[in-house]
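# Residue-level structure breakdown
The chain contents come next:
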Amino acid sequence: MKITVNGNPETIDVCSITDYLVEKGLTGEGVVVEHNYKIVKRAEWQGVQLREGDNLEILSFVGGG
Amino acid sequence: MKITVNGNPETIDVCSITDYLVEKGLTGEGVVVEHNYKIVKRAEWQGVQLREGDNLEILSFVGGG
Amino acid sequence: MKITVNGNPETIDVCSITDYLVEKGLTGEGVVVEHNYKIVKRAEWQGVQLREGDNLEILSFVGGG
Amino acid sequence: MKITVNGNPETIDVCSITDYLVEKGLTGEGVVVEHNYKIVKRAEWQGVQLREGDNLEILSFVGGG
Amino acid sequence: MQEDLLKIGDMTFENRLFTGTGKFSSKALIPEMLEASGSEMITVALRRVDLGSKTENILDYIPKSVRLLPNTSGARNEKEAVRIARIAREAGCGDLIKIEVITDMKYLLPDNYATLLATEILAKEGFVVFPYVMPDLPLARQLENAGAAAVMPLGAPIGTNRGLETRSMIEILIENCKVPVIVDAGIGRPSQAAAAMEMGADAVLVNTAISSAEDPAAMGKAFSMAVSAGRMAFLAKMREESKTAVASSPLTGFLD
Amino acid sequence: MQEDLLKIGDMTFENRLFTGTGKFSSKALIPEMLEASGSEMITVALRRVDLGSKTENILDYIPKSVRLLPNTSGARNEKEAVRIARIAREAGCGDLIKIEVITDMKYLLPDNYATLLATEILAKEGFVVFPYVMPDLPLARQLENAGAAAVMPLGAPIGTNRGLETRSMIEILIENCKVPVIVDAGIGRPSQAAAAMEMGADAVLVNTAISSAEDPAAMGKAFSMAVSAGRMAFLAKMREESKTAVASSPLTGFLD
Amino acid sequence: MQEDLLKIGDMTFENRLFTGTGKFSSKALIPEMLEASGSEMITVALRRVDLGSKTENILDYIPKSVRLLPNTSGARNEKEAVRIARIAREAGCGDLIKIEVITDMKYLLPDNYATLLATEILAKEGFVVFPYVMPDLPLARQLENAGAAAVMPLGAPIGTNRGLETRSMIEILIENCKVPVIVDAGIGRPSQAAAAMEMGADAVLVNTAISSAEDPAAMGKAFSMAVSAGRMAFLAKMREESKTAVASSPLTGFLD
Amino acid sequence: MQEDLLKIGDMTFENRLFTGTGKFSSKALIPEMLEASGSEMITVALRRVDLGSKTENILDYIPKSVRLLPNTSGARNEKEAVRIARIAREAGCGDLIKIEVITDMKYLLPDNYATLLATEILAKEGFVVFPYVMPDLPLARQLENAGAAAVMPLGAPIGTNRGLETRSMIEILIENCKVPVIVDAGIGRPSQAAAAMEMGADAVLVNTAISSAEDPAAMGKAFSMAVSAGRMAFLAKMREESKTAVASSPLTGFLD
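Given the structure is predicted, the values throughout are model-derived calculations rather than measurements. (Residues numbered from 1 in each chain as written. Chains lettered and ligands numbered in written order. Predicted model: local features only at pLDDT ≥ 70, side-chain atom pairs only at ≥ 80, totals over all residues. Heavy atoms only, no water.)

### Notes on the overall build of chain A
Summing up its helical and strand segments, chain A has one helix and five strands in all. Going from the N terminus to the C terminus, chain A shows its helices and strands as β-β-α-β-β-β. Its C-alpha atoms give chain A a radius of gyration of 12 Å, within 12% of the compact-globule value 11 Å for 65 residues. If you line up chain A on its principal axes, its C-alpha atoms span 40 × 25 × 20 Å. By the burial criterion, 51% of the 65 residues in chain A qualify as buried. Long-range pairs, those at least 24 residues apart, make up 56% of the contacts in chain A with a sequence separation of at least 6. (Helix = DSSP H or I, 4+ residues; strand = E, 2+ residues; numbered from the N terminus. Rg over C-alpha atoms; globule rule 2.2 N^0.38 Å. Buried < 20%, exposed > 50% of the residue type's maximum accessible area, 1.4 Å probe, protein only. Contact = heavy atoms within 4.5 Å.)

### Description of the interface of chain H and chain A
Each partner contributes to the interface: chain H provides five residues, whereas chain A provides six residues. Surface buried jointly by chain H and chain A totals about 350 Å² across both partners, of which 64% is contributed by carbon and sulfur atoms. Considering only the side of chain H, the residues that lose the most area to chain A are Ser248(H), Pro250(H) and Leu255(H), jointly responsible for 70% of the buried surface there. Viewed at the interface, chain A and chain H are joined by zero salt bridges. (Buried area = accessible area lost by both parts, 1.4 Å probe. Salt bridge = Lys/Arg side-chain N within 4 Å of Asp/Glu carboxyl O.)

### So, helix α5 (residues 167-176) of chain G
Residues and elements named next belong to chain G. Buried residues dominate α5, accounting for seven of its 10 residues. What α5 keeps buried is the set Ser168, Met169, Ile170, Ile172, Leu173, Ile174 and Asn176. Contacts from the buried residues of α5 go to α4 (137-146), β8 (152-153) and β9 (182-184).

### Focus on the relation of the copies chain G and chain H
Structural alignment of chain G on chain H gives an RMSD of 0.1 Å, achieved by rotating through 180 degrees and translating 0.0 Å along the axis. One copy is carried onto the other by what is essentially a two-fold rotation axis. Both copies share a contact surface, since 100% of the interface residues of chain G are interface residues in chain H too. (Least-squares fit on C-alpha atoms with pLDDT ≥ 70 in both.)

### Some words on the sheet that holds strand β7 (residues 128-133) of chain H
Strand pairing in a sheet relies on backbone hydrogen bonds, with the paired strands running either antiparallel or parallel. Residue and element names in this part refer to chain H. Sheet architecture is open: three strands sit in the order β6-β7-β8, paired in parallel fashion. A single partner strand is all that each edge strand has here, and the edge strands are β6 (96-99) and β8 (152-153). Judged from the four bridges that link them, β6 and β7 form a sheet pairing that is parallel. Opposite lysine 98, over in β7, you have phenylalanine 130 as the bridge partner. The sheet strands contacting helix α3 (residues 112-124) are β6 and β7, and the helix crosses β7 at an angle near 180 degrees. (Pairing = 2+ DSSP bridges. Axes fitted to C-alpha atoms, helices over the stretch in contact; angles between N-to-C directions.)

### Re the interface of chain G and chain H
Between chain G and chain H, the residue contacts involve 69 residues of the former and 69 residues of the latter. Buried surface at the junction of chain G and chain H, both sides included, amounts to about 6,100 Å², of which 58% is carbon and sulfur. At the boundary of chain G with chain H, the tally comes to two salt bridges. The closest approach of N and O atoms between Arg189(G) and Glu198(H), which form a salt bridge, is 3.9 Å. Summed over the shared surface of chain G and chain H, the number is 16 residue pairs in polar contact (both at pLDDT 80 or more). Counting residues per element, the ones that place at least two in the side of chain G that touches chain H are β4 (41-48), α2 (78-90), α6 (190-198) and α8 (216-235) of chain G. When residues of the side of chain G that touches chain H are assigned to their parent elements, the largest contribution, 10 residues, is made by α8(G). Looking at the side of chain G that touches chain H residue by residue, the classes come out as 31 nonpolar, 19 polar and 19 charged. (Polar contact = N/O pair within 3.5 Å; in protein donor to acceptor, adjacent residues only side chain to side chain. Nonpolar A, V, L, I, M, F, W, Y, C, P; charged D, E, K, R; others polar.)

### Topic: the sheet that holds strand β7 (residues 128-133) of chain E
Residue and element names in this part refer to chain E. The strand order across the open sheet built from three strands is β6-β7-β8, with neighbouring strands paired in parallel fashion. The open sheet has two free edges, formed respectively by β6 (96-99) and β8 (152-153), since each of these has just one partner strand. As paired strands, β7 and β8 are joined by two bridges and run parallel to one another. Each bridged residue has a counterpart across the sheet, and for valine 133 the counterpart in β8 is proline 153. Together, β6 and β7 form the strand contacts of helix α3 (residues 112-124), whose direction differs from that of β7 by roughly 180 degrees.

### A few points about the arrangement of the chains
At their nearest point, the C-alpha atoms of chain A and chain D are still 44 Å apart, with no contact between the two. Separated in space, chain A and chain F share no contact, their closest pair of C-alpha atoms being 34 Å apart.

### Topic: the confidence of the model for chain E
Confidence along chain E averages 93 in pLDDT terms, with 99% of residues attaining 70 or more. Scoring the predicted complex yields pTM 0.91 and, for the interface, ipTM 0.90. (pLDDT = per-residue confidence, 0-100.)

### A few points about unusual backbone geometry
In this structure, Asn161(E) is a non-glycine residue whose phi angle is positive, near 60 degrees. Note on placement: Asn161(E) falls in the loop between β8 and α5 (167-176).

### Focus: the side chain of Ser16(C)
All names here are of chain C. Inspection of the secondary structure assignment puts serine 16 in the loop between β2 (8-11) and α1 (17-24). A relative accessible area of 0% places serine 16 in the buried class. When near neighbours in sequence (up to four residues on either side) are disregarded, serine 16 contacts Trp45, Gln46, Val48, Gln49 and Leu50.

### Topic: the packing of helix α4 (residues 137-146) of chain F against helix α5 (residues 167-176) of chain F
All names here are of chain F. One can describe the packing of α4 onto α5 by two numbers: an axis separation of 10 Å at closest approach and a directional angle of 35 degrees. Taken as a pair, α4 and α5 cross one another with a handedness that is right-handed. Touching Leu137, Ala140 and Arg141 of α4 are Ile172, Leu173 and Asn176, all from α5. Here the residues of the contact of α4 with α5 sort into four nonpolar, one polar and one charged. (Left-handed = near helix turned anticlockwise from the far one by under 90°.)

### Description of the packing of aromatic side chains
As enumerated under the stated definition, the model contains six aromatic pairs over all chains in all. Between Phe13(E) and Phe18(E) the ring centres are 5.0 Å apart and the planes differ by 65 degrees, which places this aromatic pair in the edge-to-face class. A single burial state applies to Phe13(E) and to Phe18(E), both of which are buried. Ring geometry for Tyr113(E) and Tyr113(G): centres 3.3 Å apart, planes at 10 degrees, overall stacked. Remark: Tyr113(G) occurs in helix α3 (residues 112-124) and Tyr113(E) occurs in helix α3; the pair is interchain, linking two chains. Since its relative accessible area comes to 23%, Tyr113(E) is described here as partly exposed. Over the face of the ring belonging to Phe127(E) we find Arg89(E), whose NZ or CZ atom lies 3.8 Å from the ring centre. (Phe/Tyr/Trp six-rings, centres within 6.5 Å; stacked < 30°, edge-to-face > 60°. Lys NZ or Arg CZ within 6 Å of the ring centre and 35° of its normal.)

### Remarks on the pairing of β2(C)
Residue and element names in this part refer to chain C. Looking at chain direction, strand β1 (residues 2-5) and β2 are connected through four bridges and run antiparallel. The partner of lysine 2 across the bridge, within β2, is threonine 11. In this structure, the hairpin formed by β1 and β2 is closed by a connection of two residues, where asparagine 6 is found at a positive phi of approximately 50 degrees.

Dropping the structure here:
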């Protein structure tokens, strides 16, 4: 199915946010996820199944002043 | 009758704004009048009769930077 | 005969300082002459005959701050 | 006998520079003595007898920038 | 050198020194100062007439040829500023208004945001708005969008005579603003006014330093000359600073 | 305001901007600049005539009404300075001499002591001596005792346009010198010249900033106006700086 | 000297130098710098993960003992700032947020009013808000009323290393603010950081000058020492400047 | 960072802050200050013993590990300076001498030429000479040729706390002198001492600002840290100032 991640289209198999992040190796500290424009708390990642057309924003900290 | 001028109570005889200003010698350039919190154009001064309880603000220019 | 003018050797015919300056077109205001390391006043130029081995410095004003 | 010490007249009994300094309690480190306008090394204090009319300068360090 | 006119709204000015009527020991000094300085615009404030004493009318001391720039001094928020502006216009001295909203009574610093709000309202009503503000580029751009005719950043707190303390922020305004930048407040010496003009400021407004000088007319003339000098130097293109020296006389030894 | 003349030796000057002939792109700009600035004294240097090329005489470009101040540029010690001074006088342009002894070729800083020695000799010979020096009060007093007609401290290295970098030392000279103090070298902007005059300097000498401007005549006029402005402000007594603000409009609220 | 702790909200800091993670040539230099400087709080920014490349996590380079101060860089208005702040908190690094709303892309100057609006919203949501602003007393007071934990005025535009260009406006903030004043942006040299502390600033935030130095650890230590030195001098009460000299040695002649 | 030692003559110093013993409210504060600051060299003056009162010996308050730098204060010409230097050496505290010849009693400015003459004589006699002078490159070169071990230019008149007023002239000394440049006099704040070191000065001498602080020990430590910070920054290579801003956070919008 098709979803949008950080602005880019992507095709994935049905899975939870956790599954997706694990696959991408993005489970580290400081990673934040917006699912369809709503922040999803880390504790709830496992429970959220991604669906066709969903929008994901995956963010983390970078150097800044 | 009693009116308020620049915040102070005053007792005057019935008259127009013009009459009042003439008496006070305040007809010079740059004088502005608010009658009951509304600006009254110079041209209309003559037509406005002061009434019991009216509020007058009489202003003019002073030194300022 | 040979003389030195402003540090450079020159060969000239016998003549006075005035003759030399006239030939060079250097008679204008502000020109100063040292003859054998002594300043020669303008009034005395005519009287000084140049000799073999003489040293002349001819100076004038230029732009400066 | 009379001598001058640091610009002031003083009357003392015959004695050496050392004797004088000991009496004044000025034997500490950093004290310097000029006797009749010549510096006297510490080692030579003992040998110098003060005479009528002598001039002594006794100096030491003070606070300064 | 061809004519160099300052355009603000539909007005043009030859003299880039603006002045103020505050703090003269005697009103009679105002016309002398205007004469000596050649200033073409001067500020005035608005207050209640004192019915008790017979106070002279300051307008009688300002030649008709000099533009009046009423200010909104006394305003503590945008509402009061708007009210004062409307009254000032009613006084029949034109559409110019210097917006001055001050909440800080110690340093008399303007409230930039209230000034922006008042500017939006008054510009819509056809006023030619001169907002007096802290030098702040993002705000200045909002003032331009709101229809301000110019921006008047302060050089230092009013009346301190400390000059261009906010220099670097004003330079940024000058570089980026589309409307004229008029340095207002804090300028205490002609050299400071000249420096503002050399930076590229469009004009300077000086009140205290002139009106409280021992000789206001002479000081007004001094500021006027300094402003012209700074402007002329700006137009005549000054050279940059150089780290090492550059000889003005030939560098050769005398007889080399 | 009554006349304000600068006296140096037995000369008097109305205009307190002195100028220089160095570094003009064309000599023809010199008379224009003198005309525009009204400068009453200008410096020149002395060098060997170039016998090869037909060089024009700089004196042809300086109106007789303007005083010539020959300098001793090129001198590396007091002897050379004295020799150059004597030659300059012989050139028939009067007794004025600006002593300039430079040993440092990067920053062109004057050698104060050699300058003092040359001043002693030349003052005795009847020269009107203008010593160009590092600002240094003890030295300035020795120069006065040696007969200097004025003291010319540098504001910054020659030609740097960096202005009054030595400000505090110059202020001390102004406060303590009996002879006129003329700030020379380093002044790059009219505002800096005005600031020097506001401090109480008696005059300013500007060469590079004027001669190397795109428009020397305009810049000369700008400096002249700035110098007058600064002088006028000095005489009109400016107010001190104040830490906190002082209102120029009534401090009362609008309707209080 | 007894302990001198900085309190912000319910936090306390011994070290008054705050640092940033921007512009290090290698992330590995960050822990060295933190070790050398002893800085107890450091800023970070938030961005989309680059799914293409395997980028290391900056948090791995920041010891747990050092507080994280996420900023809202990238926000162009209050809405974006609020959104970034909420996401940052969700990242599990606490309630601190440095609000940075920038509309001017050349000088990167903050939009004071948008920053005020974001502060109001976020303070209500329990954030400990550090607003980065142009130094402006009236605005700072509104920030205090809005619940800001501190005020962070800029000394000069970000990354310019020009130091305390806004000095006089910052002094006014220090004198009048109830919350801590942290000078942020533009500080390029330890001496400038020391000067800010001597003025009475509560802390200084330095990023570029440290991270882009040839030796960031050494520079971090230099800034840390300078900040302590300035603070210590502020507490030890320095003497005022004096116009004339005051001898440090006895003024008498040697043998008087 | 490897060791960074200051070498003067055959001495080496780890700490680049030199101090003075003048104007302490109590001599007992001197050892505390030396302890807190870690200063390795301190100045003293020489005067007639007061035979009337029992004055304590200042040397009792200076640890043997700290070098003594006697000055020639009180000298009004080179002869007196030489005489004082010889007496000081006789006192058995070594060959170091700070030459201080002052003729101006208001600003206490040194007489550069008399100082040069004294330096020539004393260097020949084997003294390690520290001449205290007005910053003046041509003179500094003559001092080097005369055998001075260092040059000590003043930043501002003694005791004024006005800092680096002569900054640009000192920068020229630092750039061109072969012997160490030690900024002496006028430094009132740690930030000023740090700035001197950032410029590349080899050391700083501070007396009044430390001894007349409310807490001399704390102030001594503050200056010592500031001097180290400035030196460290100088060695760690600071970046230049930049006219426009340079982002420390990614310049992209948050979600771009």
